[in-house]
Number of protein chains: 2
Amino acid sequence: MLSNTCKTAIKAVIYLASKDESDEKSGVKEIARYINASEHTVSKILQTLARQKIINSIKGPTGGFYITTKQRKQPIITIVDTIDGKDLFDECGLGLSKCSSSHPCPIHDEYKKGREVIQKLFRTKTINVLCEPVESGLAYLIG
Amino acid sequence: MLSNTCKTAIKAVIYLASKDESDEKSGVKEIARYINASEHTVSKILQTLARQKIINSIKGPTGGFYITTKQRKQPIITIVDTIDGKDLFDECGLGLSKCSSSHPCPIHDEYKKGREVIQKLFRTKTINVLCEPVESGLAYLIG
DNA sequence: AGAATAAAAGTACTTAATTACTTTTAATAG
DNA sequence: CTATTAAAAGTAATTAAGTACTTTTATTCT
(Lines give C-alpha, C1' and ligand atoms only; values in the text may rest on other atoms or scores of the structure.)
Protein backbone atom coordinates (compact mmCIF):
# COMPACT_ATOMS: atom_id res chain seq x y z
CA MET A 1 0.00 0.00 0.00
CA LEU A 2 2.46 2.63 1.23
CA SER A 3 5.95 2.77 -0.26
CA ASN A 4 8.90 1.91 1.95
CA THR A 5 10.01 5.52 1.86
CA CYS A 6 6.63 6.58 3.16
CA LYS A 7 6.72 4.05 5.96
CA THR A 8 10.14 5.33 6.98
CA ALA A 9 8.75 8.87 6.90
CA ILE A 10 5.96 7.91 9.26
CA LYS A 11 8.34 6.19 11.65
CA ALA A 12 10.62 9.23 11.72
CA VAL A 13 7.68 11.52 12.42
CA ILE A 14 6.44 9.24 15.18
CA TYR A 15 9.86 9.47 16.71
CA LEU A 16 9.83 13.27 16.58
CA ALA A 17 6.31 13.45 17.95
CA SER A 18 7.19 11.15 20.80
CA LYS A 19 9.31 13.92 22.31
CA ASP A 20 7.58 15.58 25.25
CA GLU A 21 8.77 19.09 24.52
CA SER A 22 7.29 20.62 21.42
CA ASP A 23 10.61 22.26 20.59
CA GLU A 24 12.95 19.41 21.44
CA LYS A 25 15.13 18.87 18.41
CA SER A 26 16.52 15.57 17.18
CA GLY A 27 19.43 15.04 14.83
CA VAL A 28 19.28 12.81 11.79
CA LYS A 29 21.79 10.37 13.25
CA GLU A 30 19.74 9.82 16.35
CA ILE A 31 16.51 9.35 14.43
CA ALA A 32 18.02 7.02 11.83
CA ARG A 33 19.61 4.85 14.49
CA TYR A 34 16.38 4.58 16.43
CA ILE A 35 14.15 3.66 13.52
CA ASN A 36 16.86 1.52 11.99
CA ALA A 37 17.08 3.27 8.63
CA SER A 38 19.80 4.87 6.55
CA GLU A 39 20.90 8.33 7.69
CA HIS A 40 20.88 9.61 4.13
CA THR A 41 17.43 8.32 3.41
CA VAL A 42 16.04 9.79 6.61
CA SER A 43 17.54 13.20 5.97
CA LYS A 44 16.15 13.29 2.43
CA ILE A 45 12.71 12.42 3.71
CA LEU A 46 12.78 14.88 6.59
CA GLN A 47 13.95 17.66 4.29
CA THR A 48 10.96 17.02 2.08
CA LEU A 49 8.58 17.04 5.03
CA ALA A 50 10.15 20.22 6.40
CA ARG A 51 9.73 21.93 3.03
CA GLN A 52 6.02 21.09 3.24
CA LYS A 53 5.86 22.49 6.78
CA ILE A 54 4.80 19.14 8.15
CA ILE A 55 7.77 19.31 10.49
CA ASN A 56 10.47 21.94 11.10
CA SER A 57 14.21 22.08 10.90
CA ILE A 58 16.94 24.29 12.32
CA LYS A 59 20.48 24.27 11.00
CA GLY A 60 23.66 24.57 12.97
CA PRO A 61 24.76 23.25 16.32
CA THR A 62 21.83 22.53 18.66
CA GLY A 63 19.87 22.34 15.41
CA GLY A 64 17.81 19.42 14.22
CA PHE A 65 14.27 18.44 13.33
CA TYR A 66 11.21 18.95 15.51
CA ILE A 67 7.45 19.02 15.34
CA THR A 68 5.20 21.51 17.11
CA THR A 69 2.08 20.80 19.11
CA LYS A 70 -0.01 22.23 16.33
CA GLN A 71 1.74 20.15 13.67
CA ARG A 72 1.12 17.02 15.70
CA LYS A 73 -2.58 17.52 15.10
CA GLN A 74 -2.16 17.03 11.35
CA PRO A 75 -3.72 13.89 9.90
CA ILE A 76 -1.31 11.17 8.78
CA ILE A 77 -2.47 11.60 5.20
CA THR A 78 -0.39 14.76 4.91
CA ILE A 79 2.73 12.59 5.15
CA VAL A 80 1.36 10.04 2.70
CA ASP A 81 0.35 12.70 0.19
CA THR A 82 3.76 14.33 0.37
CA ILE A 83 5.79 11.16 -0.06
CA ASP A 84 3.60 8.85 -2.15
CA GLY A 85 1.50 11.40 -3.99
CA LYS A 86 -2.10 12.40 -3.74
CA ASP A 87 -3.86 9.80 -5.86
CA LEU A 88 -2.87 6.69 -3.98
CA PHE A 89 -6.46 5.99 -3.06
CA ASP A 90 -8.18 6.89 -6.29
CA GLU A 91 -7.30 4.11 -8.68
CA CYS A 92 -9.28 1.01 -9.62
CA GLY A 93 -8.17 -1.98 -7.61
CA LEU A 94 -7.46 -3.96 -10.74
CA GLY A 95 -5.95 -1.09 -12.69
CA LEU A 96 -8.74 -1.23 -15.26
CA SER A 97 -8.36 2.08 -16.99
CA LYS A 98 -11.97 2.57 -17.89
CA CYS A 99 -13.47 1.46 -14.63
CA SER A 100 -15.41 4.20 -12.88
CA SER A 101 -18.42 4.58 -10.65
CA SER A 102 -20.65 4.97 -13.69
CA HIS A 103 -19.04 1.99 -15.39
CA PRO A 104 -17.83 -0.07 -12.47
CA CYS A 105 -15.83 -3.27 -12.78
CA PRO A 106 -17.31 -6.30 -11.00
CA ILE A 107 -15.39 -5.68 -7.82
CA HIS A 108 -15.44 -1.90 -7.92
CA ASP A 109 -17.83 -1.19 -5.09
CA GLU A 110 -16.48 -3.72 -2.67
CA TYR A 111 -12.88 -2.72 -3.28
CA LYS A 112 -13.79 0.90 -2.78
CA LYS A 113 -15.39 0.02 0.52
CA GLY A 114 -12.15 -1.46 1.84
CA ARG A 115 -10.01 1.27 0.41
CA GLU A 116 -12.16 3.94 1.98
CA VAL A 117 -11.82 2.45 5.43
CA ILE A 118 -8.06 2.81 5.09
CA GLN A 119 -8.26 6.21 3.48
CA LYS A 120 -10.56 7.51 6.20
CA LEU A 121 -8.13 6.20 8.76
CA PHE A 122 -5.30 8.21 7.29
CA ARG A 123 -7.52 11.25 6.99
CA THR A 124 -8.85 11.25 10.52
CA LYS A 125 -6.05 9.86 12.68
CA THR A 126 -3.51 12.47 13.61
CA ILE A 127 0.21 12.13 14.15
CA ASN A 128 -0.51 12.47 17.86
CA VAL A 129 -2.62 9.34 17.80
CA LEU A 130 0.35 7.30 16.60
CA CYS A 131 2.25 8.25 19.75
CA GLU A 132 -0.44 7.29 22.20
CA PRO A 133 1.30 4.20 23.49
CA VAL A 134 4.23 6.41 24.41
CA GLU A 135 3.91 5.57 28.11
CA SER A 136 5.14 2.07 27.49
CA GLY A 137 7.77 3.46 25.13
CA LEU A 138 7.84 3.34 21.36
CA ALA A 139 10.65 0.83 21.08
CA TYR A 140 8.25 -2.03 20.52
CA LEU A 141 6.79 -0.18 17.57
CA ILE A 142 9.60 1.44 15.70
CA GLY A 143 12.77 0.27 17.43
CA MET B 1 -1.82 -2.01 -3.77
CA LEU B 2 -1.22 -4.40 -6.68
CA SER B 3 1.90 -4.03 -8.82
CA ASN B 4 1.53 -3.02 -12.45
CA THR B 5 2.66 -6.48 -13.51
CA CYS B 6 -0.09 -8.01 -11.43
CA LYS B 7 -2.71 -5.72 -12.91
CA THR B 8 -1.57 -6.69 -16.39
CA ALA B 9 -1.79 -10.34 -15.35
CA ILE B 10 -5.37 -9.89 -14.24
CA LYS B 11 -6.33 -8.13 -17.44
CA ALA B 12 -4.78 -10.89 -19.52
CA VAL B 13 -6.62 -13.56 -17.57
CA ILE B 14 -9.88 -11.65 -17.91
CA TYR B 15 -9.32 -11.63 -21.63
CA LEU B 16 -8.73 -15.39 -21.71
CA ALA B 17 -11.73 -16.06 -19.51
CA SER B 18 -13.95 -13.93 -21.68
CA LYS B 19 -13.72 -16.56 -24.43
CA ASP B 20 -16.86 -18.65 -24.65
CA GLU B 21 -15.16 -21.93 -25.43
CA SER B 22 -13.16 -23.35 -22.58
CA ASP B 23 -10.49 -24.55 -24.97
CA GLU B 24 -10.34 -21.55 -27.25
CA LYS B 25 -6.72 -20.54 -27.41
CA SER B 26 -5.40 -17.00 -27.75
CA GLY B 27 -1.95 -15.94 -28.92
CA VAL B 28 0.20 -13.48 -27.04
CA LYS B 29 0.00 -10.91 -29.82
CA GLU B 30 -3.76 -10.86 -29.77
CA ILE B 31 -3.91 -10.58 -25.97
CA ALA B 32 -1.26 -7.91 -25.73
CA ARG B 33 -2.92 -5.82 -28.40
CA TYR B 34 -6.28 -6.06 -26.69
CA ILE B 35 -5.15 -5.13 -23.20
CA ASN B 36 -2.72 -2.58 -24.56
CA ALA B 37 0.43 -4.02 -23.03
CA SER B 38 3.82 -5.13 -24.28
CA GLU B 39 3.91 -8.54 -25.98
CA HIS B 40 7.04 -9.49 -24.10
CA THR B 41 5.64 -8.55 -20.75
CA VAL B 42 2.43 -10.41 -21.39
CA SER B 43 4.20 -13.56 -22.47
CA LYS B 44 6.45 -13.52 -19.40
CA ILE B 45 3.44 -13.16 -17.15
CA LEU B 46 1.38 -15.82 -18.88
CA GLN B 47 4.29 -18.24 -18.78
CA THR B 48 4.48 -17.77 -15.03
CA LEU B 49 0.76 -18.29 -14.62
CA ALA B 50 0.85 -21.39 -16.82
CA ARG B 51 3.67 -22.86 -14.75
CA GLN B 52 1.42 -22.45 -11.69
CA LYS B 53 -1.45 -24.16 -13.56
CA ILE B 54 -3.61 -21.08 -13.23
CA ILE B 55 -3.94 -21.09 -16.99
CA ASN B 56 -2.70 -23.45 -19.72
CA SER B 57 -0.52 -23.16 -22.75
CA ILE B 58 0.03 -25.16 -25.89
CA LYS B 59 2.99 -24.70 -28.16
CA GLY B 60 3.09 -24.81 -31.91
CA PRO B 61 0.71 -23.69 -34.59
CA THR B 62 -2.88 -23.47 -33.35
CA GLY B 63 -1.26 -23.22 -29.95
CA GLY B 64 -1.74 -20.42 -27.44
CA PHE B 65 -2.99 -19.75 -23.94
CA TYR B 66 -6.36 -20.78 -22.58
CA ILE B 67 -8.23 -21.25 -19.35
CA THR B 68 -10.58 -24.13 -18.54
CA THR B 69 -14.01 -23.91 -16.97
CA LYS B 70 -12.59 -25.34 -13.78
CA GLN B 71 -9.74 -22.85 -13.70
CA ARG B 72 -12.15 -19.99 -14.13
CA LYS B 73 -13.58 -20.87 -10.75
CA GLN B 74 -10.30 -20.01 -9.04
CA PRO B 75 -10.30 -16.96 -6.79
CA ILE B 76 -8.45 -13.91 -8.08
CA ILE B 77 -6.02 -14.18 -5.18
CA THR B 78 -4.24 -17.06 -6.93
CA ILE B 79 -3.06 -14.58 -9.55
CA VAL B 80 -2.06 -12.01 -6.94
CA ASP B 81 -0.16 -14.56 -4.87
CA THR B 82 1.73 -15.79 -7.92
CA ILE B 83 2.75 -12.38 -9.21
CA ASP B 84 3.05 -10.19 -6.12
CA GLY B 85 3.80 -12.80 -3.49
CA LYS B 86 1.77 -14.30 -0.71
CA ASP B 87 2.22 -11.80 2.09
CA LEU B 88 0.78 -8.73 0.42
CA PHE B 89 -2.04 -8.58 2.95
CA ASP B 90 -0.15 -9.49 6.08
CA GLU B 91 1.97 -6.45 6.82
CA CYS B 92 1.29 -3.60 9.21
CA GLY B 93 -0.16 -0.62 7.38
CA LEU B 94 2.61 1.61 8.63
CA GLY B 95 5.40 -0.95 8.22
CA LEU B 96 6.02 -1.04 11.95
CA SER B 97 8.05 -4.19 12.33
CA LYS B 98 6.94 -5.08 15.81
CA CYS B 99 3.28 -4.33 15.37
CA SER B 100 1.10 -7.39 15.83
CA SER B 101 -2.33 -8.27 17.10
CA SER B 102 -0.93 -8.78 20.59
CA HIS B 103 1.00 -5.52 20.40
CA PRO B 104 -1.02 -3.48 17.95
CA CYS B 105 -0.07 -0.05 16.71
CA PRO B 106 -2.69 2.66 17.21
CA ILE B 107 -4.26 2.13 13.83
CA HIS B 108 -3.77 -1.62 13.63
CA ASP B 109 -7.33 -2.78 14.06
CA GLU B 110 -8.92 -0.24 11.80
CA TYR B 111 -6.36 -0.72 9.04
CA LYS B 112 -6.83 -4.45 9.28
CA LYS B 113 -10.56 -3.99 8.86
CA GLY B 114 -10.09 -2.22 5.55
CA ARG B 115 -7.40 -4.54 4.34
CA GLU B 116 -9.54 -7.56 5.11
CA VAL B 117 -12.42 -6.26 3.04
CA ILE B 118 -10.07 -6.15 0.07
CA GLN B 119 -8.39 -9.42 0.91
CA LYS B 120 -11.72 -11.18 1.26
CA LEU B 121 -12.74 -9.78 -2.08
CA PHE B 122 -9.73 -11.34 -3.77
CA ARG B 123 -10.27 -14.59 -1.91
CA THR B 124 -13.93 -14.99 -2.71
CA LYS B 125 -14.42 -13.47 -6.14
CA THR B 126 -13.49 -15.84 -8.91
CA ILE B 127 -12.00 -15.12 -12.28
CA ASN B 128 -15.44 -15.83 -13.71
CA VAL B 129 -16.90 -12.96 -11.76
CA LEU B 130 -14.60 -10.52 -13.49
CA CYS B 131 -16.08 -11.50 -16.84
CA GLU B 132 -19.69 -11.03 -15.88
CA PRO B 133 -20.20 -7.87 -17.90
CA VAL B 134 -19.14 -9.82 -20.97
CA GLU B 135 -22.51 -9.31 -22.67
CA SER B 136 -21.77 -5.67 -23.18
CA GLY B 137 -18.20 -6.53 -24.15
CA LEU B 138 -15.04 -6.12 -22.16
CA ALA B 139 -13.65 -3.29 -24.22
CA TYR B 140 -14.79 -0.68 -21.74
CA LEU B 141 -12.88 -2.43 -19.02
CA ILE B 142 -9.61 -3.59 -20.44
CA GLY B 143 -9.50 -2.28 -23.98
C1' DA C 1 10.60 -36.02 -42.65
C1' DG C 2 10.80 -30.98 -43.26
C1' DA C 3 8.98 -26.37 -42.91
C1' DA C 4 6.38 -23.29 -40.30
C1' DT C 5 4.25 -21.69 -36.12
C1' DA C 6 3.97 -20.29 -31.38
C1' DA C 7 5.16 -20.74 -26.59
C1' DA C 8 9.31 -21.46 -23.29
C1' DA C 9 13.29 -19.91 -21.54
C1' DG C 10 17.20 -17.38 -20.99
C1' DT C 11 19.54 -12.96 -21.51
C1' DA C 12 20.02 -8.02 -21.95
C1' DC C 13 18.39 -3.48 -21.67
C1' DT C 14 15.71 0.55 -19.64
C1' DT C 15 13.50 3.04 -16.19
C1' DA C 16 12.19 4.15 -11.58
C1' DA C 17 12.95 3.74 -6.67
C1' DT C 18 16.08 3.69 -3.11
C1' DT C 19 20.38 4.55 -0.89
C1' DA C 20 24.97 6.76 -0.56
C1' DC C 21 28.18 10.54 -1.09
C1' DT C 22 29.72 15.52 -1.53
C1' DT C 23 29.40 20.32 -1.28
C1' DT C 24 27.02 24.33 0.43
C1' DT C 25 24.68 27.15 3.77
C1' DA C 26 23.05 28.64 8.19
C1' DA C 27 23.58 28.91 13.11
C1' DT C 28 26.06 28.72 17.42
C1' DA C 29 29.98 28.80 20.64
C1' DG C 30 34.31 30.17 21.89
C1' DC D 1 35.14 36.65 13.58
C1' DT D 2 36.63 31.97 13.23
C1' DA D 3 35.79 27.20 13.90
C1' DT D 4 32.41 23.88 14.45
C1' DT D 5 28.07 21.73 13.98
C1' DA D 6 24.12 20.13 11.54
C1' DA D 7 20.72 20.57 7.96
C1' DA D 8 20.06 21.69 2.76
C1' DA D 9 20.85 20.60 -1.63
C1' DG D 10 22.68 18.54 -5.44
C1' DT D 11 24.85 14.50 -7.51
C1' DA D 12 26.09 9.67 -8.01
C1' DA D 13 25.64 4.75 -7.26
C1' DT D 14 22.85 0.83 -6.38
C1' DT D 15 18.86 -2.05 -6.63
C1' DA D 16 14.63 -3.65 -8.26
C1' DA D 17 10.83 -3.49 -11.50
C1' DG D 18 9.53 -3.55 -15.96
C1' DT D 19 10.40 -4.12 -20.95
C1' DA D 20 12.84 -5.91 -25.09
C1' DC D 21 15.42 -9.26 -27.66
C1' DT D 22 17.20 -14.02 -28.96
C1' DT D 23 17.45 -18.85 -28.98
C1' DT D 24 15.28 -23.22 -28.05
C1' DT D 25 11.65 -26.56 -28.00
C1' DA D 26 7.27 -28.58 -29.00
C1' DT D 27 3.56 -29.07 -32.25
C1' DT D 28 1.14 -29.22 -36.56
C1' DC D 29 0.66 -29.24 -41.48
C1' DT D 30 2.33 -30.42 -45.94
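Our structure's up above, just so we're on the same page.
Fair warning: this is a prediction, and the values are worked out from it, not measured in the lab.

## Concerning the protein's contact with DNA strand D
No. 1: Taken together, 24 residues lie around DNA strand D, and Ser57 and Pro61 of chain A together with Thr5, Ser38 and Pro61 of chain B are the ones closest in.
No. 2: Of what DNA strand D places within 4 Å of the protein, 63% of the atoms are sugar or phosphate.
No. 3: In this structure, Arg51 of chain A approaches DNA strand D through a side-chain N or O atom, which is 3.4 Å from a phosphate oxygen.
No. 4: At 2.3 Å from a phosphate oxygen of DNA strand D is found a side-chain nitrogen or oxygen belonging to Ser57 of chain A.
No. 5: Its residues assigned to classes, the surface near DNA strand D comprises 5 nonpolar, 14 polar and 5 charged.

## What about the packing of aromatic side chains?
No. 1: Under the counting rule described, the total for this entry stands at 4 aromatic pairs over all chains.
No. 2: Look at Tyr15 of chain A and Tyr34 of chain A: their rings are 4.9 Å apart centre to centre, the planes differ by 45°, and that puts the pair in the tilted class. Residue Tyr15 of chain A is located in helix α1 (residues 4-17), and its partner Tyr34 of chain A is located in helix α2 (residues 28-35); the two are separated by 19 residues in the primary sequence.
No. 3: By relative accessible area, which is 31% here, Tyr34 of chain A ends up partly exposed.
No. 4: Note on Phe89 of chain B and Phe122 of chain B: the rings are 5.9 Å apart at their centroids and 40° apart in plane angle, and the pair reads as tilted. You can see Phe89 of chain B sitting in the loop between α4 (77-84) and α5 (108-124) and its partner Phe122 of chain B sitting in helix α5, a full 33 residues away along the chain. For the residue pair Phe89 of chain B and Phe122 of chain B, the accessibility class agrees, reading buried in each case.
No. 5: Positioned above the aromatic ring of Tyr66 of chain A, the side-chain terminus of Lys25 of chain A is 5.9 Å from the ring centre.

## Overview of the protein's contact with DNA strand C
No. 1: Taken together, 24 residues lie around DNA strand C, and Ser38 and His40 of chain A together with Lys44, Ser57 and Pro61 of chain B are the ones closest in.
No. 2: For DNA strand C, the fraction of protein-proximal atoms (within 4 Å) that sit in sugar or phosphate groups is 63%.
No. 3: Between DNA strand C and the protein, one listed contact pairs a phosphate oxygen with a backbone N or O atom of Val28 of chain B at 3.2 Å.
No. 4: At 3.3 Å from a base oxygen of DNA strand C is found a main-chain nitrogen or oxygen belonging to Pro61 of chain B.
No. 5: At the level of secondary structure, the elements contributing two or more residues to the surface near DNA strand C comprise α1 and α3 (39-51) of chain A together with α3 (39-51), β1 (56-58) and β2 (64-66) of chain B.
No. 6: Split into classes, the residues belonging to the surface near DNA strand C amount to 5 nonpolar, 14 polar and 5 charged.

Cut-offs applied
- Residues numbered from 1 in each chain as written.
- Chains lettered and ligands numbered in written order.
- Predicted model: local features only at pLDDT ≥ 70, side-chain atom pairs only at ≥ 80, totals over all residues.
- Heavy atoms only, no water.
- Near = heavy atom within 4 Å.
- Polar contact = N/O pair within 3.5 Å; in protein donor to acceptor, adjacent residues only side chain to side chain.
- Nonpolar A, V, L, I, M, F, W, Y, C, P; charged D, E, K, R; others polar.
- Phe/Tyr/Trp six-rings, centres within 6.5 Å; stacked < 30°, edge-to-face > 60°.
- Helix = DSSP H or I, 4+ residues; strand = E, 2+ residues; numbered from the N terminus.
- Buried < 20%, exposed > 50% of the residue type's maximum accessible area, 1.4 Å probe, protein only.
- Lys NZ or Arg CZ within 6 Å of the ring centre and 35° of its normal.

Taken by themselves, the reported measurements are silent on function.
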